[in-house]
Amino acid sequence: MTKRVSYFDGATTTTKFLIPLEDCQVETSLIERPDKNIICFSTCVGCPVGCKFCISGVENNYVRKLFYNEMVTQILTAYKQIKDYNKVTVISAMGEGEPSINIQSVIEAMEQIKTRFPYKSFKFAISTAGLNLKRLQKVVDEIIVSSLSIKLQFSVHSVSHRDSIIPNSKIDLKEALSILLTANLNYNLQVELNFTLIKGVNDSDFELVANVLESYKKLDIKLNQFNPFSLSDLEHADEDKYEEFVEVLSSRGFNVEYYKTDGSNINAACGQLRYSNL
């Protein structure tokens, strides 16, 4: 039986779902903002990437990748709870798991949703750490040939010590950026480079980031909040660090966004899924 918990902060309602599968369970979140709805679904149970800012990586309890119908079930469970269907709904593969492991199933799930609701307004997004260059290229290729317009969010987080933050992603950053820039220029693929700012780890790297990414200004940059959890000693960056990042990168000609997440008080925010059983 699906369980859920919700929180309303006066403007946004966040709901986290614990959805039973045949052999395990998985978490999904729904964020209903004044301007849009966001469904964040999982592509795996647990995650093999080991990101230090994400509970499903730190727990080190990867179970398996999900089939497309299991992802459709998550999306439909959340979608049926939406109060206002007149707003655009963003369908995001940003929950538990690494989408590059089963990218064809991830995109098939998204296409199934669009087919079921052809007249509804959707946007689609996939977030990946890449694991390796071959898998990253596969993600890019599958998005390009799909029937959907999908934004690709690539986890960078550090331009100097990415391996220490994402230990199981064996990728040369410059080669990865080259793949992404080529797809952006040749196929108009929308790409965002994600940085989760962590206090004392990468929150003072604004000049370094600007220098390293100088040739990649066609790619957008998103700064994410770190949402703490009990298994980690990491802390989120101070507000002035985000402001400094935005100021420096914007002055250097980058398109940069500071994205504030919702749902941390019920462990439904970015990096917190699978943190607790409801």
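Residues numbered from 1 in each chain as written. Predicted model: local features only at pLDDT ≥ 70, side-chain atom pairs only at ≥ 80, totals over all residues. Heavy atoms only, no water.

Glancing now at the nonpolar core. Met110, Ile126, Phe154, Leu180, Leu193, Phe195 and Leu213 are the most contacted members of the largest nonpolar core, which has 66 residues in total. Excluding residues that lie within four positions of it along the chain, isoleucine 126 makes contacts with Ala93, Pro99, Ile103, Val106, Ile107, Met110, Ile143, Ile150, Lys151, Leu152 and Gln153. (Core = buried A, V, L, I, M, F, W, Y, C linked by side-chain atoms within 4.5 Å. Buried < 20%, exposed > 50% of the residue type's maximum accessible area, 1.4 Å probe, protein only. Contact = heavy atoms within 4.5 Å.)

Among the secondary structure elements, glycine 46 is positioned in the loop between strand S5 (44-45) and helix H1 (55-58). Overall, the relative accessible area of 0% leaves glycine 46 in the buried class. Separated by 19 residues in the primary sequence, glycine 46 and lysine 65 place their C-alpha atoms 8.5 Å from one another. Setting aside chain neighbours within four positions, we find glycine 46 in contact with Ser56, Asn61, Tyr62, Glu96, Gly97 and Arg274. (Helix = DSSP H or I, 4+ residues; strand = E, 2+ residues; numbered from the N terminus.)

All right, on to the sheet that holds strand S3 (residues 25-32) then. Taken in spatial order, the 10 strands line up as S1-S2-S3-S4-S7-S8-S9-S10-S11-S12 in an open sheet, and their pairing is mixed. Each of the sheet's edge strands pairs with one partner strand only, and the pair in question is strand S1 (3-8) and strand S12 (256-259). Across the sheet, the mean angle from the axis of one strand to that of its neighbour is 20°, orientation sign disregarded. Across the sheet, helix H3 (residues 103-116) is in contact with strand S7 (88-93), strand S8 (122-128) and strand S9 (150-155); its angle to S8 comes to roughly 170°. Strands S9 and strand S10 (191-196) of the sheet are contacted by helix H6 (residues 173-187), whose axis makes an angle of about 170° with S9. (Pairing = 2+ DSSP bridges. Axes fitted to C-alpha atoms, helices over the stretch in contact; angles between N-to-C directions.)

A word on the packing of H3 against helix H4 (residues 133-145). Contact pair H3 / H4: the axes reach a minimum separation of 10 Å and the direction vectors enclose 30°. Between H3 and H4, the crossing angle belongs to the class labelled roughly parallel. At the point where H3 passes H4, the crossing takes the right-handed sense. Across the interface between the two elements, Ile103, Gln104 and Ile107 of H3 pack against Lys138, Val139, Glu142 and Ile143 of H4. Of the residues contributing to the contact of H3 with H4, the split by class is 4 nonpolar, 1 polar and 2 charged. (Parallel < 35°, antiparallel > 145°, perpendicular 65-115°, else oblique. Left-handed = near helix turned anticlockwise from the far one by under 90°. Nonpolar A, V, L, I, M, F, W, Y, C, P; charged D, E, K, R; others polar.)

Function-wise, these values are silent; they only describe arrangement.
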